[in-house]
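Chains, contacts and geometry: an overview
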Amino acid sequence: NTPNIKFFGADIYDFTTVRLPENEFMDICNECNLIPCKFVFDKIFNSREELELECNTYFQNNLIEGIVVRTYDHNFSSKVINPEYDSKK
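Now for a look at the structure at hand. None of these values were measured; they are calculated from a predicted model.

Take the environment of K38 next. With respect to the secondary-structure elements, K38 resides in the loop between α1 (22-32) and α2 (48-61). The exposure class assigned to K38 is exposed, which follows from its relative accessible area of 62%. For the pair K38 and K89, spaced 51 residues apart in sequence, the C-alpha to C-alpha distance is 20 Å.

This is the structure we're talking about:
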């Protein structure tokens, strides 16, 4: 059974951790044959409820565990969990 591993970012570790810009991360994925996570949407939400509605709408037709969301500057990231995933898989 082949593992299903996908990547959503890369960091440089020195004295502090620095997230690589998206284009550099994609270059690394291409050079190393790594599979990046699928981009589900790229937009700004005005509230948590708006974000959750968008994710839950996506979950209706896509049986996935959840969606990793993050700010453009990558200073915040979190995962919105599909509440139906465990019962439907």
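For α2, built from 14 residues, the straight-helix expectation of 20 Å at 1.5 Å per residue is met to within 8% by its first-to-last C-alpha distance of 21 Å. Within the span of α2, buried status applies to L51, C55, Y58 and F59. Buried positions in α2, seen along its axis, are confined to an arc of 105 degrees and lie on one side of it. Residues E49, L53, Q60 and N61 are exposed on α2 and point more than 90 degrees away from its buried face. In the core, the buried residues of α2 are packed alongside β3 (66-70) and β4 (77-81).

Procedures and definitions
Residues numbered from 1 in each chain as written. Predicted model: local features only at pLDDT ≥ 70, side-chain atom pairs only at ≥ 80, totals over all residues. Heavy atoms only, no water. Helix = DSSP H or I, 4+ residues; strand = E, 2+ residues; numbered from the N terminus. Buried < 20%, exposed > 50% of the residue type's maximum accessible area, 1.4 Å probe, protein only. Expected span 1.5 Å × (residues − 1). Arc of directions from axis to C-beta. Contact = heavy atoms within 4.5 Å.

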